[in-house]
Amino acid sequence: MSGGTYDGYLRNPEVETLPRDKLRELQLEKLQKTAFHAYANVPRYKAAWDAVGALPGDLKSLSDLAKFPFTVKDDLRACYPFGMFAVPRDQVARVHASSGTTGRPTVVGYAKEDLNAWAEIMARTLSCAGARPGDIVHNAFGYGLFTGGLGVHYGAERLGCTVVPVSGGMSERQILLLRDFGARVLCATPSYALSLAEAADRAGVDLRKLPVAVGFFGAEPWSEGLRAALDERWGFKAVDNYGLSEIIGPGVACECVEARDGLHGWEDLFLFEIIDPDTGEVRGMEEEGELVITTLAKWAQPMIRYRTRDITRLTDAPCLCGRTHVRLKRVTGRSDDMLIIRGVNVYPSQVESVLMGLPGTAPHYQLVITRDGALDNLTVAVEAAANSSVGDFDEISGNIRRKLKETIGITCRAVVLAPGEIPRSEGKAVRVRDDRK
Ligand code: DLL
């Protein structure tokens, strides 16, 4: 299959195209089983549910789930390290953890059958993004406690691919490997794919001549503008996939390469809800809000109504690829990442969308917040494109300020930096620097 041609390949045609009423029946059955398992084996769930009088047996329909309390990151922290496990520790075959910027890491455990299910859902996810059995998969997601590296690794093996387990870093060498091995699929954070493109320029390698046809990207918010820039530089199709450690890691939702229009959330394994982030009330299809996920088959560490803090909306409109699973709109950012600049709410990815369309700028930026008396100030630092001259910088920064005011309504300072001055990422990019403390 070339980059985006529809060849009809589905990893699991029966499940991926299951009629929605059948999907819901399957979800209810698995939800009931998960709830009994969680209640019987995780004291924290038992205590929380007892406190509101919700019992697993109350789940007669999917909408009954709304009576159950949410689970939040602090629950995992409070039970650090192994208190959320629903099986004895010696039945946990692997742990991962997210470092987090503050406090204790969040630990997640996988039983043997969870690892098996994860490899399978990742095989489905990669094939949804356009990977095919026999492909060479260059995996530049970080290996280790982060779920990206190993999650993609075992999924690609399961799909029947040849995996190059390169992890992040040593970009020049990665370019050589991409050129010499002939990978068809590149897996990385979108920001690291940009750094790799720069390394290719330095090495004099024309990425468009390489056989890479699919860019499998995720783990951080990114904009349509960045997608267009990556497609252009690499000559592939960049595809968005979403996941989080608490739920499983990568493999929760993925765009199909055919439409690249919303991420199919795998409803045979996860139940998706959108809630009002302030009141916790459940919202309907097409309404924006915070994504809440319940795992339907995770045995070592079931998650019931986990509040992701990610803002998105769902649609059950049919997709041209034929998959029936609900689609999540591209995640613009976590509610925790939202900045409030002089009363205006803004996500870094919204700023990125504006910057990507501006002439003279390169797709490298950082938002710096400082405090001036009682007021928060935002400075948008952007690199100039390699071909802009110093004389253009004033014009470019004026443009940035005007555009951000017009489109998002924020007032900020804009600084144009020379190419190479914004720190590059090897994993998740740090888009915001908070200098207020
Ligand atoms: O980032 C898992 C992952 C690995 C996903 C590789 C995709 C590819 P965490 O480190 O726990 O897990 O971070 C999860 O990252 O709640 C989102 O805020 C953000 N995130 C992940 N994927 C996307 C995406 C992995 N495609 C947190 N778009 C999530 C926007 C994303 N944000």
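Since the structure is predicted, the reported quantities are computational estimates derived from the model, not experimental observations. (Residues numbered from 1 in each chain as written. Predicted model: local features only at pLDDT ≥ 70, side-chain atom pairs only at ≥ 80, totals over all residues. Heavy atoms only, no water.)

Turning our eyes to something else, we now look at the overall build of the protein. Scanning the protein from N- to C-terminus turns up eleven helices and 21 strands. Computed over the C-alpha atoms, the radius of gyration of the protein is 22 Å, within 12% of the 22 Å expected from 2.2 N^0.38 for a compact globule of 437 residues. Across the 437 residues that make up the protein, the buried fraction comes to 55%. On the protein, roughly 18,200 Å² of surface is accessible, and the fraction owed to carbon and sulfur atoms is 52%. Taking the average location of the 53 positive side-chain charges in the protein and that of its 57 negative ones, the two points are 2 Å from each other. (Helix = DSSP H or I, 4+ residues; strand = E, 2+ residues; numbered from the N terminus. Rg over C-alpha atoms; globule rule 2.2 N^0.38 Å. Buried < 20%, exposed > 50% of the residue type's maximum accessible area, 1.4 Å probe, protein only. Areas by Shrake-Rupley, 256 points an atom, 1.4 Å probe, with all protein chains shown as cover. Lys, Arg positive; Asp, Glu negative; His and termini not counted. Charge placed at Lys NZ, Arg CZ, Asp CG, Glu CD.)

Any pair of aromatic rings gets described here by the distance separating the centres and the angle formed by the planes. Summed over all chains, the structure comprises ten aromatic pairs. Seen in terms of ring centroids, Trp49 and Phe68 are 5.0 Å apart; in terms of plane orientation they differ by 90°. Their pairing is edge-to-face. Taken as a pair, Trp49 in helix H3 (residues 43-52) and Phe68 in the loop between H3 and helix H4 (73-78) lie far apart in primary sequence, 19 residues in all. Look at Phe82 and Phe85: their rings are 5.1 Å apart centre to centre, the planes differ by 20°, and that puts the pair in the stacked class. The exposure class of Phe85 is buried, given its relative accessible area of 7%. Within the aromatic cluster, the residues linked to one another by ring pairs are Tyr39, Tyr45, Trp49 and Phe68. Directly above the aromatic system of Trp266 lies the positively charged group of Arg124, at a separation of 4.9 Å from the ring centroid. (Phe/Tyr/Trp six-rings, centres within 6.5 Å; stacked < 30°, edge-to-face > 60°. Lys NZ or Arg CZ within 6 Å of the ring centre and 35° of its normal.)

Attention shifts here to the domain arrangement of the protein. Buried accessible area, meaning the area lost when the parts come together, often serves as the stated size of an interface. Domain assignment breaks the protein into domain 1 (1-335) and domain 2 (339-434). Averaged C-alpha coordinates put domain 1 and domain 2 at centres separated by 29 Å. Contacts between domain 1 and domain 2 engage 22 residues on the former and 14 residues on the latter. Between domain 1 and domain 2, a total of about 1,400 Å² is buried, with carbon and sulfur atoms accounting for 52% of that surface. Across the domain 1-domain 2 interface, the total number found is one salt bridge. In this structure, the salt-bridge partner of Arg424 is Glu198, at a minimum N-O distance of 2.5 Å. (Domains from an automatic or database assignment. Contact = heavy atoms within 4.5 Å. Buried area = accessible area lost by both parts, 1.4 Å probe. Salt bridge = Lys/Arg side-chain N within 4 Å of Asp/Glu carboxyl O.)

Moving on: the pattern of salt bridges. With the rule as written, the count across this model stands at 38 salt bridges. Between Asp75 and Arg44 there is a salt bridge, and its shortest N-O distance comes to 2.7 Å. Within this pair, whereas Asp75 is found in helix H4, its partner Arg44 is found in helix H3, the two being separated by 31 residues in sequence.

What follows is about the packing of helix H10 (residues 348-356) against helix H11 (residues 393-407). Interaxial distance between H10 and H11 falls to 10 Å at its minimum, and their mutual angle equals 125°. Judged on the interaxial angle alone, H11 and H10 are oblique. Handedness of the crossing formed by H10 with H11: right-handed. Here H10 contributes Val351, Val354 and Leu355 to the contact with H11, which in turn contributes Ile400, Lys403, Leu404 and Thr407. Residue composition of the contact of H10 with H11, grouped by class: five nonpolar, one polar and one charged. (Axes fitted to C-alpha atoms, helices over the stretch in contact; angles between N-to-C directions. Parallel < 35°, antiparallel > 145°, perpendicular 65-115°, else oblique. Left-handed = near helix turned anticlockwise from the far one by under 90°. Nonpolar A, V, L, I, M, F, W, Y, C, P; charged D, E, K, R; others polar.)

Next up on the list: the site of the ligand. Near the ligand, the surroundings consist of 21 residues, among which Asp240, Asn241, Ser245, Asp310 and Arg334 are the closest. Asp310 is positioned with one of its side-chain polar atoms (N or O) 2.6 Å from an oxygen atom of the ligand. The protein chains hide 94% of the 610 Å² of surface that the ligand would expose on its own. Listed by contribution, the elements that provide at least two residues to the shell around the ligand are helix H6 (147-159), strand E7 (237-244) and strand E8 (249-255). For the shell around the ligand, the element with the most residues is E7, which contributes five residues. Each residue belonging to the shell around the ligand can be placed in one class, and the counts come to eight nonpolar, seven polar and six charged. (Near = heavy atom within 4 Å. Polar contact = N/O pair within 3.5 Å; in protein donor to acceptor, adjacent residues only side chain to side chain.)

Viewed as axis vectors pointing N to C, helix H8 (residues 190-203) and helix H9 (residues 224-234) meet at an angle of 35°, and their least axial separation amounts to 11 Å. Note on packing geometry: the crossing formed by H8 with H9 is left-handed. Listed contacts from H9 to Pro190, Ala193, Leu194, Leu196, Ala197, Glu198 and Asp201 of H8 are Leu226, Leu230, Arg233 and Trp234. When grouped by side-chain class, the residues that make up the contact of H8 with H9 number eight nonpolar, no polar and three charged.

What follows covers the sheet that holds strand E19 (residues 375-384). The strand order across the open sheet built from four strands is E20-E19-E18-E21, with neighbouring strands paired in mixed fashion. The sheet terminates laterally at strand E20 (413-417) and strand E21 (432-434), the two strands that pair on one side only. Strand-to-strand twist across the sheet, computed as the mean angle between neighbouring axes with direction ignored, equals 20°. Where strand E18 (residues 361-372) and E21 come together, three bridges link them in parallel fashion. Bridge pairing in E21 links Leu367 to Val432. (Pairing = 2+ DSSP bridges.)

What follows concerns the nonpolar core. Formed by 67 residues in total, the largest nonpolar core has its most connected members in Trp49, Phe216, Tyr242, Phe270, Phe272 and Ile293. Sequence-distant contacts of Phe272, defined by excluding residues within four places in its chain, comprise Val252, Gly265, Trp266, Glu267, Leu291, Val292, Ile293, Leu314, Val326 and Leu328. (Core = buried A, V, L, I, M, F, W, Y, C linked by side-chain atoms within 4.5 Å.)

It is worth spelling out the pairing of E18 at this point. Put simply, side chains in a regular strand alternate between the two faces of the sheet. Among the twelve residues in E18, nine count as buried, and that is most of the element. Here E18 runs beside E19; their pairing, made up of nine bridges, is antiparallel. Counterpart to Thr370 in the pairing with E19 is Asn377. Where E18 hands over to E19, the hairpin turn is made up of two residues, of which Gly373 adopts a positive phi near 65°.

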